[in-house]
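# Remarks on the overall topology
Residue-level listing of the chains:
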2 protein chains.
Amino acid sequence: MAIWLEQASGDFEERFSAFLSTKREVSDDVNAVVKAIIDDVRARGDAALIDYSARFDRVDLAAVGLRVAEAEIDAAVAATEPAVLDALRFAAERIEKHHARQMPKDDVYEDSLGVGLGSRWTAIDAVGLYVPGGTASYPSSVLMNALPAKVAGVPRIVMVVPATGGAINQTVLAAARIAGVSEIYRVGGAQAVAALAYGTETIAPVAKIVGPGNAYVAAAKRQVFGQVGIDMIAGPSEVLVIADRDNDPDWIAADLLAQAEHDVGAQSILITDDRAFGEAVEQAVGRQLKTLSRAETAARSWADFGGIVLVADLMAALPLANRIAAEHLELAVADPDAFIPGIRNAGAIFVGRYTPEVIGDYVGGSNHVLPTARSARFSSGLSVLDYVKRTSILRLGPEQLAALAPAAITLAHSEGLDAHARSVAIRLNRGG
Amino acid sequence: MAIWLEQASGDFEERFSAFLSTKREVSDDVNAVVKAIIDDVRARGDAALIDYSARFDRVDLAAVGLRVAEAEIDAAVAATEPAVLDALRFAAERIEKHHARQMPKDDVYEDSLGVGLGSRWTAIDAVGLYVPGGTASYPSSVLMNALPAKVAGVPRIVMVVPATGGAINQTVLAAARIAGVSEIYRVGGAQAVAALAYGTETIAPVAKIVGPGNAYVAAAKRQVFGQVGIDMIAGPSEVLVIADRDNDPDWIAADLLAQAEHDVGAQSILITDDRAFGEAVEQAVGRQLKTLSRAETAARSWADFGGIVLVADLMAALPLANRIAAEHLELAVADPDAFIPGIRNAGAIFVGRYTPEVIGDYVGGSNHVLPTARSARFSSGLSVLDYVKRTSILRLGPEQLAALAPAAITLAHSEGLDAHARSVAIRLNRGG
């Protein structure tokens, strides 16, 4: 059963703080192992990838080839149910349309002194997309990670996915086809991250690596950061539902369980102002749990990290929500617009009773890669901005230099940087 | 003397690659020391800050107080030369105006199905700005880090700066006043980073920490990342100058030295198509070096990491520039606009003979915090975007849910996520 926290009780602040700071991930220290793998891939290239894949994924890459052939992708598309292909295409179209609106615009202008200033955006040259194997291999995540890169105009998008036991999730390959990704290598783990960062005979290096992965992949991404860019390191998923008594408890229970079934470390929290409603949701969770294929995972997540917070007034949920800074926040209340302006920290807000978070996982159009573990306080979900970078542009003629030079020279001298001052002053005799 | 690399020679690719991958920083492993300091600050709060400041900065915080009083800032402003104050105000105004243009706009709309989608930007609640002590304590950096936060609307901007030997750079305090930062603590090092991340009795925690620092500060930022956001970890500064023979060699030499005087690990590179011009620049560097107050630093940087690359045709500099991905790129050529479109990777571009990079350090208006160590391939300079975060908003009514549900349910089932499918399906009976 989930923990109950009542705002009216004297120890609420203490208990809520403790609840907030509960660690939901076992962080195995895999850094040494990962470092050895990265060093080995840098030294031996493809040969190292072949060895690690034989050992960890039980697949002989020397026999089947590192790169997934076009024909294999064709076959995967053919093997995927037409309804699933249609759903992926439907999702892809919505995701692409929404993300196209995120493309930042260049801003090049002259100020009142005639100084040319500019911010110019360009796509990253090459991006690597990590896709996990096994049960965490989600076709929807392929779309969510690859399509913003496509929208950004990234010329080269590379996908790596382990062929665990020789097999790759066919729907993942179909999703890659729909997303326009054709350079795919059957390799995973820290070795795949190393190959993307440093390159091998077969895999040319990329400039940035994105996508979820296990502890080894996360550690490898941290270690290669600097050599390449990385996206956020995602933690277990979370939902916070703010709900009044007028909801069907079964709907809210279903939403809490949709999050809980992801991972034993996932977290589902309900904030309500009605004790009886909270109890009804708790009972509905219990009933629905029995029928789930991933009941064991969901039950553990709900028991270990689930929470029901009882507040006197639903508006009192706002400061709590801002401290929780949930990845997903559902507003299942009569007047959600009264709440939205007060929410400062959330990865995504799902507005009203007919917007379950799951719509955002697949077909809403917005991205499902969102900040976890309270990081919505300082970071944002994946977007086109993650696949572009900005170059500043500054342009002066002799007159503009003459106008700006005195202040620059004064500041350079005050910071003790003579050569800085000279670099400006030397141009003044001819330029002034 | 700097290294010469000639594109026409047979071993160019090999030598250029080696030049590119030269490490310019000694990375001392300070992680264990830093972890102990962070743990201690978490456990003992202010008392730990007092102890470390006594030990590392030779200042008794119990006597002088952790927070810098308003009267001390008043006194610092009064002690700063009026010309420097004017120059700081001039710079601040230009920086603020330029950064105001970077503020992202909310985008809330309905698509053709009536689905409400949105991207909403909010400022980060609280930001901590680290300012180094000693010779690396730059007033200009206070402006560059604080003003974009102010423009973003960050409600609380905190500054930490060590009072090395009891003293704080007075111009740094004056710059803070001009930037509107009034919550200042005299503490530095890993202990200051820990205090900002976790809070102490006196210092309330922040959500993100920015600003440059030494190896201890950098390691501390990496270790608290996750608990709070951090900006990039900046490496030694760099400039790449692409110059034709029609430049005054002394101007170009001055620019190369302005970068080299920053740090022994700084890097200055010239690409030219004229050997005689390159030699003239090299001689000018030698002459100018003798007159610099920081001659020793500049000479070491130039000898260890400086480079002159000779190309047959200046346009051949472009692919090299994209591989170097310099923090600062000067285009000291007759027709710089012919080059700009071909430059994909650069932190900032300085266009034409009258735009020395130093203008961008102080008064150009663009930010001087830029990606180093080739990270312009995947990241951008500091901007207003670093102080805001985006929340996605999704809003469906019963009709929109009915339109999107089938694809969502199909994808949920194909991913084996029953509870996901139920969370949508359960709403259809009443919603459809």
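Quick notes on the rules
- Residues numbered from 1 in each chain as written.
- Chains lettered and ligands numbered in written order.
- Predicted model: local features only at pLDDT ≥ 70, side-chain atom pairs only at ≥ 80, totals over all residues.
- Heavy atoms only, no water.
- Helix = DSSP H or I, 4+ residues; strand = E, 2+ residues; numbered from the N terminus.
- Buried < 20%, exposed > 50% of the residue type's maximum accessible area, 1.4 Å probe, protein only.
- Contact = heavy atoms within 4.5 Å.
- Areas by Shrake-Rupley, 256 points an atom, 1.4 Å probe, with all protein chains shown as cover.
- Lys, Arg positive; Asp, Glu negative; His and termini not counted.
- Charge placed at Lys NZ, Arg CZ, Asp CG, Glu CD.
- Phe/Tyr/Trp six-rings, centres within 6.5 Å; stacked < 30°, edge-to-face > 60°.
- Lys NZ or Arg CZ within 6 Å of the ring centre and 35° of its normal.
- Domains from an automatic or database assignment.
- Buried area = accessible area lost by both parts, 1.4 Å probe.
- Axes fitted to C-alpha atoms, helices over the stretch in contact; angles between N-to-C directions.
- Parallel < 35°, antiparallel > 145°, perpendicular 65-115°, else oblique.
- Left-handed = near helix turned anticlockwise from the far one by under 90°.
- Nonpolar A, V, L, I, M, F, W, Y, C, P; charged D, E, K, R; others polar.
- Salt bridge = Lys/Arg side-chain N within 4 Å of Asp/Glu carboxyl O.

### A short note on the overall build of chain A
Check the secondary structure of chain A and you find 18 helices and 14 strands. With the C-alpha coordinates aligned to their principal axes, the bounding extent of chain A is approximately 85 × 60 × 40 Å. The buried share of chain A, taken over its 432 residues, is 61%. Residue pairs at least 24 apart in sequence account for 74% of intrachain contacts in chain A once pairs closer than 6 positions are excluded. For chain A, the computed accessible surface area is about 15,400 Å², with 52% contributed by carbon and sulfur atoms. Charged side chains in chain A number 39 positive and 53 negative. The centres of these two groups are separated by 6 Å.

### A short note on the environment of R275 of chain B
Residue and element names in this part refer to chain B. Mapped onto the fold, R275 is located in helix 12 (residues 275-289). R275 sits in the partly exposed class, given a relative accessible area of 39%. In the structure, R275 is positioned 37 residues away from A312 in sequence and 9.8 Å away in space, judged by C-alpha atoms. Excluding residues that lie within four positions of it along the chain, R275 makes contacts with W4, E6 and L310.

### Examining the packing of aromatic side chains
Counted under the stated rule, the structure contains 6 aromatic pairs over all chains. Geometrically, the ring pair formed by F12 of chain A and F16 of chain A is stacked, given 5.4 Å between the ring centres and 20° between the ring planes. You can see F12 of chain A and its partner F16 of chain A sitting in helix 1 (residues 12-20), 4 residues apart, about one turn around the helix. The pair F12 of chain A / F16 of chain A is uniform in exposure class, with both members buried. Ring geometry for Y52 of chain A and F56 of chain A: centres 5.9 Å apart, planes at 10°, overall stacked. One end of the pair is Y52 of chain A and the other is F56 of chain A, both in helix 3 (residues 46-57) and 4 residues apart, which spans about a single turn. For Y52 of chain A, a relative accessible area of 8% corresponds to the buried category. We note R101 of chain A situated over the ring of Y109 of chain B; from NZ or CZ to the ring centre the distance is 3.4 Å.

### Describing the domain arrangement of chain A
Residues and elements named next belong to chain A. Entries for chain A in the domain assignment read domain 1 (3-21 + 235-364), domain 2 (31-106 + 122-230) and domain 3 (397-431). Summarising the inter-unit geometry, the C-alpha centres of domain 1 and domain 2 are found 33 Å apart. With 7 residues of domain 1 at the interface, the matching set in domain 2 holds 7 residues. Summed over both sides, the interface of domain 1 with domain 2 buries roughly 530 Å², with 49% coming from carbon and sulfur.

### Quick look at the packing of helix 16 (residues 398-414) of chain A against helix 6 (residues 82-100) of chain B
Here helix 16 of chain A crosses helix 6 of chain B at 120°, and the two axes come no closer than 9 Å. With respect to helix 6 of chain B, the element helix 16 of chain A is oriented oblique. Considering only the axes of helix 16 of chain A and helix 6 of chain B, their crossing is left-handed. Residue-level inspection shows A403, L404, A407, T410, L411 and S414 of chain A of helix 16 of chain A in contact with helix 6 of chain B, the latter providing A83, V84, A87, L88, F90, A91 and R94 of chain B. In terms of residue class, the contact of helix 16 of chain A with helix 6 of chain B is made up of 10 nonpolar, 2 polar and 1 charged.

### Details of the pattern of salt bridges
Considering all chains together, one arrives at 44 salt bridges over all chains under this definition. For R24 of chain A, the salt bridge identified is with E238 of chain A, shortest N-O distance 2.7 Å. Pair noted here: R24 of chain A is in the loop between helix 1 and helix 2 (31-44) and E238 of chain A is in strand 9 (residues 238-243), with a separation of 214 residues, a long-range link. Judged by its relative accessible area of 5%, E238 of chain A is buried. The partner of E13 of chain B in a salt bridge is R323 of chain B, and the shortest N-O contact between them spans 2.8 Å. Taken together, the positions of E13 of chain B in helix 1 (residues 12-20) and R323 of chain B in helix 14 (residues 317-324) put the pair 310 residues apart, joining distant regions of the chain. Counted as one network, the salt bridges with shared partners bring together D40, R44 and D51 of chain A.

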